[in-house]
Amino acid sequence: MVGVRIVDRRFDSKNKSAVNRGRFIRRFKSQIRKAVSDAIGKRGITDIDSGEKVGIPAKDIAEPHFHHGRGGIRSDVLPGNDRFHAGDEAERPEDGGAGEGNQGASEDGEGQDDFAFTLTREEFLDIFFDDLALPNLVKTQLARVDEYKRIRAGFTQSGVPTNINIVRSLRSAAGRRIAVGTPYRRELREAKQALADLEACGQEHSEEAEQLRQRIARLLRKIENVPFIDTFDLRYNNRVRVPAPSTQAVMFCLMDVSGSMDEEKKQIAKRFFMLLYLFLTRTYDHIDLVFIRHHTTAAEVDEEDFFHSRETGGTVVSSALELMQQIIAERYASSTWNIYGAQASDGDNWENDSPRCRQMLDEHIIPLVQYFAYIEIIAAEPQNLWREYEKLEGLHPGRFAMQRIAGLPDIYPVFRELFKKRLA
Amino acid sequence: MSKRTPLPCPSEWTTELILAYDEEIGRVAAHYGLDCYPHLLEIITAEQMMDAYASIGMPVYYHHWSFGKHFLATERGYRRGQMGLAYEIVINSDPCLAYLMEENTMTMQALVIAHAAYGHNSFFKGNYLFRTWTSADAIIDYLVFAKNYIAECEERYGEDEVERLLDSCHALSNVGVDRYKRPPKLPLAKERERLKEREAYLQSQVNELWRTLPQREDKQAREPARYPEEPEENLLYFIEKNAPLLAPWQREVVRIVRKIGQYFYPQRQTQVMNEGWACFWHYTLINHLYDEGLLTDGFMMEFLQSHTNVVAQPPYNSRYYNGLNPYALGFAMWRDLRRICEEPTAEDREWFPDLAGSDWRSAFDFALRNFKDESFIAQYLSPKLMRDFRLFALVDDERNEMLKIDAIHDEQGYRTLRQMLSDQYNLGSREPNLQVWNVDLQGDRSLTLRHFQYKRRPLGESRDELLRHVASLWGFPVRLEEQDEKGEVRLLTTMQVDRRKHE
């Protein structure tokens, strides 16, 4: 037997294909971006922070080779003849020729379908961020998960010297000394008593008394020899890592669902809400979402209805703000909840209502919230609501932001103040 | 032979047991006279197996998006449980590398060792195609060189530039092999030393070809009508040597893709033989050990179950039918060959007078060394096997309404059937016959490719896209002609890529 060897490679470099995978994603960025965009349309706001299965058209990623097309004379030898004789004729199958003709379909496993694969959370967010034109620093902040803080969690018997808890260690040393020393002390007490008794009888020079004295000396040595502190006594402060966010927040999504908000505008709005949500997940442990949609009246709905149902009619924005204020009062007392508001609209509002909206925000809502962001998804001219809101901008620096949005890259500036604060 | 105590057969393997099995299998392989490279067994995880899949099984490879795509496709199939991974990958190198997946049971590991480390291994070492075209001692080194070289190019010229070039080369890789020529012998070390030299030399040759100064009159008169004088089948080779605008590093990358393609070409030409050979040997070696009493019945049950799965051939009308299974056909042919040698019938004596009754080991050795799929089938497919497989030939002529059954497994059909099956494994007729026909040296420097039609088959629909790749490598217009079987030539299309776009 010459040189048979076994090499265990299982613990060698994993993920050798990571580079190739990265290359693949880079190469088909535009197709993947489209797939991600479709996926965002389908997934809920709270799902933003996970991986995604996407599909891109198989023909886009085909690797062509010179091969024969259909036509001409083909022959194929097949196994399992059950009925044919030489010279027989057979119907041509409907799709594709016999044999070789359908090889192309099996090459990619699933034929003409999309080439489907799963993007990791990082890859997904990366593409999501790309559309939104986020600055890099913000991207890394949002994509990061390794934020922990260390909290105390009792005491352990092992650790590093800096974590020694002196009080606890000495207390347990004392306990040990008591526990170990007690039998000797009891004996000592008895011996002393016995000696005292002998001395009382005047027999202090007897042999028995001498033995007792030696015993007492021995016991004293033993008690002396119980160590003052032992490694066994040491106690260390224990700290465990827990994810940093430890507070709760509520995010209000307000959206105009009047007839003029079409599907595309809603998709832009959805990304706006998603980005805020993603930001909040980095800061808070527990986040409630409240969806308020409005036309002339406002209603609290679930996410599905929020994005997908359509209403017609006029627009009274203040109805939504009123509802928001009411919900805050009922459910989210501002001392325990961090409140964030995000409003999306096409700017259309009933003329007389806009000043009222400004007043409500100014006096009742902004004082209660951490941040209120407003986006107006492009209308030709700024509408009356915009003009009213503009008056608010100077009044609440760092707490109120507004932006007119034509496309996805315009969303980020709304949050600029918010992220700046966070990164500082 | 006295029965021996069976080797233990727990479902979990251990390194010691693998070594014990390997030793016994090796002993029996030597008994049968199998000539193998020494081998190295590597234990890997499923994920590493998928990595290896993505790069055609090689332990090192340069980076390219298409490997990422293959990885994703494999991963998806595996995660969904649609497909199991192959139990093994074996690499034609010296020492021969065989991968064992950690999920395999002890029985499977033994099967893989017999199949890959002895079966495939001895095929690689013996078959003439592998002996001629591959240098087992150098392939890993060459791949390391290729990976480093391409990484260096990426650094120097940008990932996009290199990726575009590799895309074009990959697309043309199946017309980038020498199908009939024999290679010159050149050890890798020398090859690397000569790299720089070659770059400079090639460039000067190209310059010579495209020299714009007027040439002397008499030479002009003798100028051949075409360049190259003989049609060239290896398009990538021609581009590497003659494309006017490629930089030296681009020529080297073309060469790398071409070399690696050529390295794998024998595998594509010997699928039936090679897989059949490996199946025959794992079957024979394991059965031999069982007969010696070294294997338990439990082991054999599991072994036979895997073995029959691998060599199963569903009939044409089954929904599991996916063409002829090379494992099944190959295994059956090698078994049949042994049968012809050992227990010939009257029919065999008539068909294979030289083989019938001869020593099967030397017959095997001869067949192993001197054939590829096409010729192996033409030589050894026996009437009995055609009957066993119930083979029949179907002819699809687009000019006819109906498909025709040309031949079946009967006295009149055997030879036709055999010839047609052999042709089916001839890569030369299975793939389009495309030749470099002419370069317009005096005029617009255009390159003319000619497709020689085989049985009136046209080129597939990816034709134009591929011509675009050719044009981007060539840098000047590329013409595609088609010559039908009567010898008539027509121009199919002309393609020009504006090269400045890329600069």
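In this report, we go over the structure that sits alongside the text. Note that the coordinates shown come from a computational prediction; the quantities given were computed from them, not determined experimentally.

Conventions adopted
- Residues numbered from 1 in each chain as written.
- Chains lettered and ligands numbered in written order.
- Predicted model: local features only at pLDDT ≥ 70, side-chain atom pairs only at ≥ 80, totals over all residues.
- Heavy atoms only, no water.
- Helix = DSSP H or I, 4+ residues; strand = E, 2+ residues; numbered from the N terminus.
- Expected span 1.5 Å × (residues − 1).
- Buried < 20%, exposed > 50% of the residue type's maximum accessible area, 1.4 Å probe, protein only.
- Arc of directions from axis to C-beta.
- Salt bridge = Lys/Arg side-chain N within 4 Å of Asp/Glu carboxyl O.
- Patch = residues over 30% accessible without salt bridge, like charges linked within 9 Å, V, L, I, M, F, W, Y side chains within 5 Å.
- Areas by Shrake-Rupley, 256 points an atom, 1.4 Å probe, with all protein chains shown as cover.
- Lys, Arg positive; Asp, Glu negative; His and termini not counted.
- Charge placed at Lys NZ, Arg CZ, Asp CG, Glu CD.
- Pairing = 2+ DSSP bridges.
- Axes fitted to C-alpha atoms, helices over the stretch in contact; angles between N-to-C directions.
- Contact = heavy atoms within 4.5 Å.
- Parallel < 35°, antiparallel > 145°, perpendicular 65-115°, else oblique.
- Left-handed = near helix turned anticlockwise from the far one by under 90°.
- Nonpolar A, V, L, I, M, F, W, Y, C, P; charged D, E, K, R; others polar.
- Buried area = accessible area lost by both parts, 1.4 Å probe.
- Polar contact = N/O pair within 3.5 Å; in protein donor to acceptor, adjacent residues only side chain to side chain.
- Phe/Tyr/Trp six-rings, centres within 6.5 Å; stacked < 30°, edge-to-face > 60°.
- Lys NZ or Arg CZ within 6 Å of the ring centre and 35° of its normal.

1. Topic: helix α7 (residues 207-225) of chain A
Given 3.6 residues per helical turn, the α-helix brings residues three or four places apart onto the same face.
Residue and element names in this part refer to chain A.
Right, so step 1: For α7, with 19 residues, the first-to-last C-alpha span of 27 Å sits near the 27 Å given by 1.5 Å per residue.
Right, so step 2: Looking at α7, one finds that the buried residues are Ala-209, Leu-212, Ile-216, Leu-219 and Ile-223. One side of α7 carries all its buried residues, which in axial view fall inside an arc of 80°. The exposed residues of α7 that point more than 90 degrees off its buried face are Glu-207, Gln-211, Arg-221, Glu-224 and Asn-225.

2. Structural notes on helix α2 (residues 29-42) of chain A
Right, so step 1: The first and last C-alpha atoms of α2 of chain A sit 20 Å apart over 14 residues, in line with the 20 Å expected at 1.5 Å per residue.
Right, so step 2: For α2 of chain A, the set of buried residues is Gln-31, Ile-32, Ala-35, Val-36, Ala-39, Ile-40 and Gly-41 of chain A.

3. Details of the pattern of salt bridges
Right, so step 1: Within the structure shown, the criterion is met by 47 salt bridges over all chains.
Right, so step 2: Among the ionic pairs, Glu-210 of chain A bridges to Arg-213 of chain A, the shortest N-O distance being 3.3 Å. Residue Glu-210 of chain A and its partner Arg-213 of chain A are located together in helix α7, separated by three residues, close to a single helical turn.
Right, so step 3: Accessibility expressed as a relative area gives 40% for Glu-210 of chain A, which makes it partly exposed.
Right, so step 4: Among the ionic pairs, Glu-240 of chain B bridges to Arg-258 of chain B, the shortest N-O distance being 2.9 Å. With a gap of 18 residues between them, Glu-240 of chain B in helix α10 (residues 235-242) and Arg-258 of chain B in helix α11 (residues 248-269) connect regions that are remote in the sequence.
Right, so step 5: Among the residues examined, Arg-258 of chain B registers a relative accessible area of 8% and is labelled buried.
Right, so step 6: Via salt bridges that share partners, Arg-23, Arg-26 and Arg-27 of chain A together with Glu-154, Glu-159, Asp-160, Glu-163 and Asp-167 of chain B belong to a single interconnected network.

4. Focus: unusual backbone geometry
All names here are of chain B.
Right, so step 1: Each neighbour pair has its own omega, and for Asp-94 with Pro-95 the value is 5°, a cis peptide bond.
Right, so step 2: The topology assignment puts Pro-95 in the loop between β2 (88-91) and β3 (96-101).
Right, so step 3: Geometrically, the link from Tyr-227 to Pro-228 is a cis peptide bond, its omega value of -5° lying close to zero.
Right, so step 4: Locating Pro-228 in the fold gives a position in the loop between α9 (217-222) and α10.

5. What to know about a positive patch on the surface
Residue and element names in this part refer to chain A.
Right, so step 1: Judged by side-chain charge, Arg-150, Arg-152, Arg-239 and Arg-241 come together as a positively charged surface patch.
Right, so step 2: Elements with a minimum of two residues in the positive patch: β6 (148-156) and β7 (236-243).
Right, so step 3: Assignment of secondary structure puts Arg-152 in strand β6.

6. Focus: the sheet that holds strand β9 (residues 489-495) of chain B
All names here are of chain B.
Right, so step 1: With respect to topology, four strands assemble into an open sheet ordered β6-β7-β8-β9, the strand pairing being mixed. Looking at which strands have only one partner, the edges of the open sheet turn out to be β6 (433-439) and β9. Across the sheet, the mean angle separating the axes of adjacent strands is 25° when strand polarity is ignored.
Right, so step 2: Two strands pair when backbone bridges link them, and strand β7 (residues 447-452) and strand β8 (residues 478-483) are joined in this way by six bridges, in the parallel orientation. Bridge assignment links His-451 to a residue of β8, and that residue is Glu-482.

7. Considerations on the environment of Leu-492 of chain B
Residues and elements named next belong to chain B.
Right, so step 1: Mapped onto the elements of the fold, Leu-492 is located in strand β9.
Right, so step 2: C-alpha separation for the pair Leu-492 and Gly-57, spaced 435 residues apart in sequence, amounts to 38 Å.
Right, so step 3: In this view, Leu-492 contacts Arg-463, Leu-480, Glu-481 and Glu-482; residues no more than four positions away in its chain are not counted.

8. Focus on the packing of helix α6 (residues 166-200) of chain A against α7 of chain A
All names here are of chain A.
Right, so step 1: With their axes 9 Å apart at the nearest point, α6 and α7 run at an angle of 155° to one another. One element, α6, and the other, α7, form an angle in the roughly antiparallel class. Crossing hand, α6 versus α7: left-handed. Where α6 approaches α7, its residues Tyr-184, Arg-185, Glu-187, Leu-188, Ala-191, Lys-192, Ala-194, Leu-195, Leu-198 and Glu-199 are matched on the opposing element by Glu-208, Ala-209, Leu-212, Arg-213, Arg-215, Ile-216, Leu-219, Leu-220, Lys-222 and Ile-223.
Right, so step 2: Looking at the contact of α6 with α7, its residues break down into twelve nonpolar, no polar and eight charged.

9. Some remarks on the sheet that holds strand β10 (residues 298-301) of chain A
Residue and element names in this part refer to chain A.
Right, so step 1: The six strands lie next to each other as β10-β9-β8-β11-β12-β13, forming an open sheet whose pairing is mixed. Of all strands in the sheet, those bounded by a partner on one side alone are β10 and β13 (400-405). On average, each strand axis in the sheet is inclined to that of its neighbour by 20°, with strand direction left out of account.
Right, so step 2: Two elements, strand β11 (residues 338-345) and strand β12 (residues 371-377), share six bridges in a ladder whose sense is parallel. Counterpart to Tyr-340 in the pairing with β12 is Tyr-371.
Right, so step 3: Here helix α8 (residues 263-283) sits on the sheet and contacts β8 (248-256), β9 (286-294), β11, β12 and β13; the angle it forms with β11, its principal contact strand, is near 165°.

10. Structural notes on the environment of Arg-9 of chain A
All names here are of chain A.
Right, so step 1: Within the secondary structure, Arg-9 is located in the loop between β1 (5-8) and α1 (18-27).
Right, so step 2: What makes Arg-9 partly exposed here is its relative accessible area of 30%.
Right, so step 3: Counting along the chain gives 292 residues from Arg-9 to Val-301, while the straight-line C-alpha distance between them is 55 Å.

11. Considering the interface of chain A and chain B
Right, so step 1: At the junction of the two partners, chain A supplies 67 residues and chain B supplies 96 residues.
Right, so step 2: Roughly 7,600 Å² of surface becomes buried between chain A and chain B when both sides are summed, with 54% attributable to carbon and sulfur atoms.
Right, so step 3: A per-residue breakdown of the area chain A buries against chain B is headed by Phe-66, His-68 and Val-77 of chain A, which together make up 12% of the total.
Right, so step 4: Taken together, chain A and chain B are joined by eleven salt bridges.
Right, so step 5: Put simply, chain A and chain B have 48 residue pairs in polar contact (both at pLDDT 80 or more) between them.
Right, so step 6: Residue assignment for the side of chain A that touches chain B shows that the elements contributing at least two residues are β1, α1, β3 (73-78), β4 (89-90) and β5 (114-119) of chain A.
Right, so step 7: If you tally residues by element for the side of chain A that touches chain B, the top one is α1 of chain A, at seven residues.
Right, so step 8: Split into classes, the residues belonging to the side of chain A that touches chain B amount to 24 nonpolar, 17 polar and 26 charged.

12. Thoughts on the packing of helix α12 (residues 271-291) of chain B against helix α13 (residues 297-310) of chain B
All names here are of chain B.
Right, so step 1: Packing of α12 against α13 leaves a shortest axis separation of 11 Å and a crossing angle of 165°. Viewed along their axes, α12 and α13 adopt a mutual orientation that is roughly antiparallel. Viewed along their axes, α12 and α13 form a crossing whose handedness is left-handed. Residue-level inspection shows Cys-279, His-282, Tyr-283, Ile-286, Asn-287 and Tyr-290 of α12 in contact with α13, the latter providing Asp-297, Phe-299, Met-300, Phe-303, Leu-304, His-307 and Val-310.

13. Things to note about the packing of aromatic side chains
Aromatic ring pairs: the centre-centre distance and the angle between the two ring planes describe each pair.
Residues and elements named next belong to chain B.
Right, so step 1: What the rule picks out here adds up to 47 aromatic pairs over all chains.
Right, so step 2: Taking the centre distance of 5.7 Å and the plane angle of 10° together, the rings of Tyr-21 and Phe-299 count as stacked. Linking Tyr-21 in helix α1 (residues 15-31) with Phe-299 in helix α13, this pair joins segments that are 278 residues apart in sequence. Considered together, Tyr-21 and Phe-299 belong to a single accessibility category, that of buried residues.
Right, so step 3: When the centroid spacing of 5.0 Å and the interplanar angle of 55° are considered together, the rings of Phe-124 and Phe-130 count as tilted. Across the pair, exposure class does not vary: Phe-124 and Phe-130 are buried alike.
Right, so step 4: A cation sits over an aromatic face here: Arg-226 above Trp-437, 4.0 Å from the ring centre.
Right, so step 5: The ring of Trp-351 carries Arg-415 above its face, with NZ or CZ at 4.3 Å from the centroid.

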